[in-house]
Amino acid sequence: QLTGDADYDQVDVAGEVNLNYSTLELAVGYSPNIGQQFTIINNDGSDPVQGTLGYAEGSLILVGTDAFRISYIGGTGNDVTLTRIAVDIWSGGAGAGDTNWSTAANWFGDVAPTAGDFLVFPDMTTQTIATNDYTSGMGLGGIMVSGNAYVLAGNSLVLHGALVNSGANNNFDLPIALDDSLS
């Protein structure tokens, strides 16, 4: 549970850390600053963390409108850390008549994404049609689709980071290219 900058649950471990069959349930009682890091498992030795908390290294975890990246090689190189990262989260707030990515009302915080951003299409919206109306070839930091029955359509884009589809029955009806570092 993260309830403040210095007030959060942490496990200090002496010896081997084996997370097989473990899961992470994350509750956030406030909105941490972008870039803020939380060491949730502090491993005192030099041995690496074995297993995961249900999320692969570098995965995004979305809690409401806050996004965190998990690492099992964080801190001193063998700690489990969560880092708050900036993402643009689709709300579909403009309604069925406007499904464009460039419409600020379609994003939480009413700010449309810009080149290089990481986009999240969550399970907490009813407007699941989202159209990339930006110029073809726009570069994005990554896309995560955790909701179901999304249709991502429109102009082509280039991904400089991950494409994560953890939802079901999602359609990617737009050309997606990976930048050279990912291909």
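Placed above this text is the structure.
The structure contained in this document is the topic of the report that follows. (Residues numbered from 1 in each chain as written. Predicted model: local features only at pLDDT ≥ 70, side-chain atom pairs only at ≥ 80, totals over all residues. Heavy atoms only, no water.)

1. Regarding the overall build of the protein
How we decide: Think of it this way: any DSSP run of H or I at least four residues long counts as a helix, any run of E at least two long counts as a strand, and we number them from the N terminus. Partly exposed describes any residue whose relative accessible area lies between the buried limit of under 20% and the exposed limit of over 50%, with all areas from a 1.4 Å probe on protein chains only and scaled to the type maximum. When checking whether two residues touch, look at their non-hydrogen atoms; a contact exists if any pair is within 4.5 Å. Areas reported here follow the Shrake-Rupley algorithm with a probe of radius 1.4 Å; residue values treat only the protein chains shown as occluding.
Within the protein, the secondary structure is distributed over 0 helices and 17 strands. Projected onto its principal axes, the C-alpha coordinates of the protein cover approximately 55 × 35 × 25 Å. Looking at the 183 residues of the protein, the share that counts as buried comes to 42%. The contacts in the protein between residues at least 6 apart in sequence include a share of 48% that link residues at least 24 apart. Working note: accessible area of the protein is about 9000 Å², and carbon and sulfur atoms make up 48% of it.

2. Some thoughts on the nonpolar core
Definition in use: Buried residues of nine kinds, namely Ala, Val, Leu, Ile, Met, Phe, Trp, Tyr and Cys, make up a nonpolar core once their side-chain atoms join them within 4.5 Å.
If you look at the biggest cluster of nonpolar residues, it comprises 17 residues, and the most contacted ones within it are Trp101, Phe121, Leu140, Ile143 and Leu152. Within the residue set of this core, elements represented by two or more residues are β9 (118–121), β11 (138–140), β12 (142–145) and β14 (157–159). Ranked by size, the runner-up nonpolar core spans 16 residues in total, among them Leu19, Leu24, Val49 and Val80.

3. Section: the side chain of threonine 103
Selection rule: Here a polar contact means two N or O atoms within 3.5 Å. Within protein one must be a hydrogen donor candidate and the other an acceptor candidate, and residues neighboring in sequence count only if both atoms are side-chain atoms.
As for its position among the elements, threonine 103 is in the loop between β8 (88–89) and β9. On the basis of relative accessibility, which here comes to 18%, the residue threonine 103 falls in the buried class. Among the polar contacts made by the side chain of threonine 103, one reaches the side chain of aspartate 98 at a distance of 2.7 Å. With near-sequence residues (within four places) excluded, threonine 103 lies in contact with Ala94, Asp98 and Ala112.

4. Description of a nonpolar patch on the surface
Quick reminder of the rule: Each patch groups residues whose relative accessible area exceeds 30% and which form no salt bridge, using 9 Å between like charges and 5 Å between nonpolar side chains of Val, Leu, Ile, Met, Phe, Trp and Tyr. A side-chain nitrogen of Lys or Arg and a carboxyl oxygen of Asp or Glu constitute a salt bridge if their distance falls within 4 Å.
A cluster of nonpolar side chains, namely Leu163, Ile176 and Leu178, defines an oily patch on the protein surface of about 230 Å² accessible area. Mapped onto the elements, leucine 163 comes out in strand β15 (residues 163–165). With a relative accessible area of 39%, leucine 163 lands in the partly exposed category.

5. Quick word on the pairing of strand β3 (residues 37–43)
Put simply, the rule reads: Any two strands with at least two DSSP bridges between them are considered paired.
The element β3 is largely enclosed, with a buried count of 5 among its 7 residues. Judged from the 3 bridges that link them, strand β1 (residues 11–13) and β3 form a sheet pairing that is parallel. Within the sheet, the bridge partner assigned to aspartate 12 lies in β3 and is asparagine 42. As judged from the 4 bridges shared by β3 and strand β7 (residues 79–85), these two strands associate in the antiparallel manner. Directly across from threonine 39, in β7, lies its bridge partner threonine 81.

6. Focus: unusual backbone geometry
Positive phi outside glycine occurs at tyrosine 21, with the angle close to 70°. Position of tyrosine 21 relative to the elements: it lies in the loop between β2 (17–18) and β3. Not every positive phi belongs to a glycine, and alanine 149 is a case in point at roughly 60°. Following the sequence through the fold, alanine 149 ends up in the loop between β12 and β13 (151–154).

7. Remarks on the environment of asparagine 171
As for its placement among the helices and strands, asparagine 171 is situated in strand β16 (residues 171–173). Taking relative accessible area as the criterion, asparagine 171 reaches 47% and is therefore assigned partly exposed. For the pair formed by asparagine 171 and alanine 153, sequence separation is 18 residues and the distance between their alpha carbons is 8.2 Å. When neighbours within four sequence positions are excluded, asparagine 171 is seen to be in contact with Tyr150, Val151 and Leu152.

Take it as geometry only, folks, not as evidence of what the structure does.
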